[in-house]
Amino acid sequence: MHLMIPFAGSLDPHFEAALRELELPNLSRLLGLLAPVEDVGDADETSPLPPHDHFLARRRGVADDHPPVAAWRVRAAGQDPAGAAWALLTPAHFAIGTEGVTALGPETLGLDDAESRAFLDALTTALFPAAEGWRTAWLASGEWAIAHDELDGLEAASADRVLNRGVETWYPRARRLRTLLNEAQMLLHDHPLNQAREQRGLRPLNAVWIGGGARERGDALPADLIVDDRLRTPMLTGDLYAWSEGWKALDQGPIAQALTAARSGEPVSLTLSGERLARTWRRQPAGAWQRLKDKFASTSASVATAVEPL
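An account of the accompanying structure is given in this report.

Remarks on the packing of helix H1 (residues 13–21) against helix H10 (residues 240–252)
Two elements in contact, H1 and H10, have axes separated by 11 Å at closest approach and are oriented at 35°. Between H1 and H10 lies a crossing whose hand is right-handed. Two secondary-structure elements touch here, H1 through His14, Phe15, Ala18 and Leu19 and H10 through Leu240, Trp243, Ser244 and Trp247. Its residues assigned to classes, the contact of H1 with H10 comprises 6 nonpolar, 2 polar and no charged.

Rendered as structure tokens:
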């Protein structure tokens, strides 16, 4: 098995401190049995895509800087990308503060499916009409996608980079993307759907974020790869308690299962991804003598030391 955990580490000092205080015995023991074999990323937290996207792209055989993440999501949702250049469209709330504009993600909006579809329909009619070559796809209440030839190759930061952070740093350089983002804000400002939300005391959906566009290519993910992304929402909403609890649940669940597999001599890999790197540790198949040693060994590794560089 190969267990992959995105958002395992953060450069935020509060998350770093919380990780040092967490007791994750199974992860510590598992790291003691594995050896680091690969880093994906360039130690630069300002790159448009986070390391976990690059890691997953490489597992599909795509190693360039513009993997078709949106097209893969469209296919995973049961729809055919049909060779189009797809980009992810993420509903958001841009909150204006004294230090700039912060992008708050769909988890903070409380959208249900019907309301989410209504917002996408409004955007489709005004900004992405089929008559002009646009396609739209509803993937989930907090994730949509758009497709058009003009999106192909346009670089833009992933929403995973932008949410819960200042927007200015990540605003796309491509003029067409900037125009679409601005037009969406103007459309959503004081839209009847948002008026209804405000009457219910809800935060308005006043913006969207558009990820970079690309056409589908690459292979399916390996069958033995398990991606557990339960840490994503707590990280992107700044919920330190939920993130810590998510780590504890991982330690008692899939990490404990990986530890059992490693101790039995099965080939096991673990990938932890943060803001700069996705690091992989691996356990090769062990012989009978090695399995006997592992059974009685109490080897462990420092979790904070392993994760903090990510």
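So, next bit.
Considerations on the pattern of salt bridges
In this structure the tally under the stated criterion is 16 salt bridges. Across the pair Arg232 and Glu107 runs a salt bridge, and its minimum N-O distance is 3.4 Å. Note that Arg232 is positioned in helix H9 (residues 232–236) and Glu107 in the loop between strand E4 (100–104) and helix H5 (113–127), a separation of 125 residues in sequence. Under the relative-accessibility criterion, Glu107 is labelled partly exposed at 33%. The salt bridge involving Asp152 is made with Arg215; its shortest N-O contact spans 3.1 Å. With Asp152 in the loop between strand E6 (143–147) and helix H6 (159–162) and Arg215 in strand E8 (residues 214–215), this pair connects stretches of sequence that are 63 residues apart. Assessed through its relative accessible area of 28%, Arg215 is described here as partly exposed. Look at the salt bridges and you will find they share partners, linking Arg75, Asp80 and Glu216 into a network.

A look at the side chain of Ser10
One can find Ser10 in the loop between strand E1 (2–5) and H1. Taking relative accessible area as the criterion, Ser10 reaches 9% and is therefore assigned buried. Within the structure, Ser10 has its side chain in polar contact with the backbone nitrogen of Asp12 (distance 3.0 Å). A distance of 3.1 Å separates polar atoms of two side chains, one belonging to Ser10 and the other to Glu275. Excluding its chain neighbours within four sequence positions, the residues that come into contact with Ser10 are Phe15, Glu16, Met235 and Glu275.

A closer look at unusual backbone geometry
When glycine is set aside, most residues are seen to have a negative phi, and most peptide bonds are trans. Here the phi dihedral of Phe7 falls at roughly 60°; this positive angle occurs in a residue that is not glycine. With respect to the element layout, Phe7 can be found in the loop between E1 and H1. The residue Asp190 is not glycine, and still its phi comes out positive at about 60°. Note that Asp190 resides in the loop between helix H7 (175–188) and helix H8 (192–199).

Quick look at the sheet that holds strand E2 (residues 35–40)
By way of backbone hydrogen bonds, the strands of a sheet pair with one another, either parallel or antiparallel. Strands sit in the order E2-E11-E10-E1-E9 across an open sheet of 5 strands; the sheet is mixed. A strand with exactly one partner marks an edge of an open sheet, and here the two such strands are E2 and strand E9 (225–227). For this sheet, the mean inter-axis angle between neighbouring strands, taken without regard to orientation, is 20°. Bridge count between E1 and E9: 3 bridges; the pairing is parallel. Looking at the pairing, Leu3 lines up with Ile226 of E9. In the packing of helix H2 (residues 25–33) onto the sheet, the strands contacted are E2, strand E10 (268–273) and strand E11 (278–283), and the crossing angle to E10 comes to about 120°. Here helix H3 (residues 51–59) sits on the sheet in contact with E1, E2, E9, E10 and E11, set at roughly 100° to E2.

Description of the side chain of His191
Relative to the elements of secondary structure, His191 occurs in the loop between H7 and H8. In terms of polar contacts, His191 uses its side chain to reach the backbone amide nitrogen of Leu193, at 3.0 Å.

What to know about the packing of H5 against H7
Two elements in contact, H5 and H7, have axes separated by 11 Å at closest approach and are oriented at 120°. Comparing the axis directions of H5 and H7 gives the class oblique. Crossing of H5 over H7 shows right-handed handedness. Taken together, the residues of H7 that come into contact with H5 (itself represented by Phe119, Ala122, Leu123, Ala126 and Leu127) are Leu180, Glu183, Ala184, Leu187 and Leu188. Of the residues belonging to the contact of H5 with H7, the class tally is 9 nonpolar, no polar and 1 charged.

Some thoughts on the nonpolar core
By size, the foremost hydrophobic cluster in this structure holds 71 residues, and its most contacted members are Ile5, Trp209 and Trp247. Excluding residues within four positions of it along the chain, Ile5 makes contact with Asp228, Leu231, Trp247, Leu250, Ile255, Leu270, Thr271, Leu272 and Ser273. Counting 11 residues, the second largest nonpolar core, distinct from the first, contains Val69, Ala70, Ala145 and Ala147.

Structural notes on the pairing of E1
Taking every second residue as pointing to the same face, both faces of E1 are buried, with His2 and Met4 on one and Leu3 and Ile5 on the other. Taken together, the 4 bridges between E1 and E10 define a ladder with parallel strand orientation. Residue Leu3 lies in a different strand from E10, and its bridge partner there is Leu270.

The rules behind each value
- Residues numbered from 1 in each chain as written.
- Predicted model: local features only at pLDDT ≥ 70, side-chain atom pairs only at ≥ 80, totals over all residues.
- Heavy atoms only, no water.
- Axes fitted to C-alpha atoms, helices over the stretch in contact; angles between N-to-C directions.
- Helix = DSSP H or I, 4+ residues; strand = E, 2+ residues; numbered from the N terminus.
- Left-handed = near helix turned anticlockwise from the far one by under 90°.
- Contact = heavy atoms within 4.5 Å.
- Nonpolar A, V, L, I, M, F, W, Y, C, P; charged D, E, K, R; others polar.
- Salt bridge = Lys/Arg side-chain N within 4 Å of Asp/Glu carboxyl O.
- Buried < 20%, exposed > 50% of the residue type's maximum accessible area, 1.4 Å probe, protein only.
- Polar contact = N/O pair within 3.5 Å; in protein donor to acceptor, adjacent residues only side chain to side chain.
- Pairing = 2+ DSSP bridges.
- Parallel < 35°, antiparallel > 145°, perpendicular 65-115°, else oblique.
- Core = buried A, V, L, I, M, F, W, Y, C linked by side-chain atoms within 4.5 Å.

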